[in-house]
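# Tertiary structure, described
Take a look at the letters that make up each chain.
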Amino acid sequence: MPNTHFFFYWTKLLLSVILNKNEAGRSGKMIQIYKNYEGHKELEELDHIELESWVMITDPTMEELMNISRDYKIDMDDLKAALDTEERSRLENEDDYTMILVNIPVVEEEEGKKWYETIPLGIFITNKIVFTVCLEQTNILKQFVDGLVSNFYTFMKTRFVYPVSYTHLRAHETRSNL
């Protein structure tokens, strides 16, 4: 029994370190909120969550995850799954949201050498808001923020998934825009 307690203690400690990594050194806003309005293609960055907005969460702290989980009834384990590099792609339909978990390509670089890896991207579609959760900022989502994806509207939440999927597949195909 003491070994089990020891294992759970260290697992919990390790998870808290992983989920709160870089908290002191975080740069920029890690939760960004965007919305475009009917008749306007341009995304506006908001300072608070509104209906029909897209909330892009990057490398969140445990506190940020707990707030999203509590306020929008998204299971904490599902939110954390988007931060676990060992998670597999999947779709789950829950009472208050749909979770789409996909592995997206990213370029890693060290000592002048580049290679491709994948990290999970969680897309959580609630009744009126879309959340994306990812370990790091990616060029796939940046293309949406920069207005490079046509026919992207935050108020069409189910259509949000198609451009993300298409951009993700194209990046895998060409290994460009990563």
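Residues numbered from 1 in each chain as written. Predicted model: local features only at pLDDT ≥ 70, side-chain atom pairs only at ≥ 80, totals over all residues. Heavy atoms only, no water.

### So, the confidence of the model for the chain
- Of the residues in the chain, 73% have a pLDDT of 70 or more, and the chain-wide mean is 79.
- By mean pLDDT, helix H1 (residues 2–19) is the weakest element of the chain at 42, and helix H3 (residues 76–81) is the strongest at 97.
- Contacts for the low-pLDDT stretch residues 1–27, under 50 throughout, to residues beyond four places or in other chains number 15 contacts. (pLDDT = per-residue confidence, 0-100. Helix = DSSP H or I, 4+ residues; strand = E, 2+ residues; numbered from the N terminus. Contact = heavy atoms within 4.5 Å.)

### Thoughts on helix H2 (residues 62–72)
- Among all positions in H2, only Met62, Glu64, Leu65, Ile68 and Ser69 are buried. Taken down its axis, H2 places every buried residue within 165° of arc, on the same side. For H2, the exposed residues lying more than 90 degrees away from the buried face are Glu63 and Arg70.
- Immediately beyond the C-terminal end of H2, within one or two residues, lies Lys73, with a positive phi of roughly 55°. (Buried < 20%, exposed > 50% of the residue type's maximum accessible area, 1.4 Å probe, protein only. Arc of directions from axis to C-beta.)

### A short note on the packing of aromatic side chains
- One pass over the full model with this rule turns up seven aromatic pairs.
- Relative to Phe144, the ring of Trp54 has its centre 6.3 Å away and its plane inclined at 75°; by these criteria the two rings are edge-to-face. Of this pair, Trp54 sits in strand S3 (residues 54–58) while Phe144 is found in helix H4 (residues 139–145), placing the two residues 90 residues apart along the sequence.
- A residue is classified by how much of its surface remains accessible, and Phe144, at 2% relative accessible area, is buried.
- Relative to Phe152, the ring of Trp54 lies with its centre 5.7 Å away and its plane at 85°, an arrangement referred to as edge-to-face. Within this pair, whereas Trp54 is found in strand S3, its partner Phe152 is found in the loop between H4 and helix H5 (157–174), the two being separated by 98 residues in sequence.
- With relative accessibility at 1%, the residue Trp54 sits in the buried group.
- According to the relative accessible area criterion, Phe152 is buried, its value standing at 5%. (Phe/Tyr/Trp six-rings, centres within 6.5 Å; stacked < 30°, edge-to-face > 60°.)

### A word on the side chain of Thr138
- In this fold, Thr138 is placed in the loop between strand S7 (130–134) and H4.
- A polar side-chain atom of Thr138 sits 3.4 Å from the main-chain amide nitrogen of Leu141. (Polar contact = N/O pair within 3.5 Å; in protein donor to acceptor, adjacent residues only side chain to side chain.)

### Considering the sheet that holds S3
- Read from one edge to the other, the open sheet built from seven strands follows the order S2-S1-S3-S7-S6-S5-S4, with strand pairing classed as mixed. With partners counted over all chains shown, the strands left at the sheet margins are strand S2 (44–46) and strand S4 (90–93), one partner each. Along the sheet, successive strands turn relative to each other by an average axial angle of 25°, direction set aside.
- Bridge count for strand S6 (residues 113–125) against S7 is five bridges, and the pairing is antiparallel. Considered in S7, the bridge of Leu121 is made with Cys134. (Pairing = 2+ DSSP bridges. Axes fitted to C-alpha atoms, helices over the stretch in contact; angles between N-to-C directions.)

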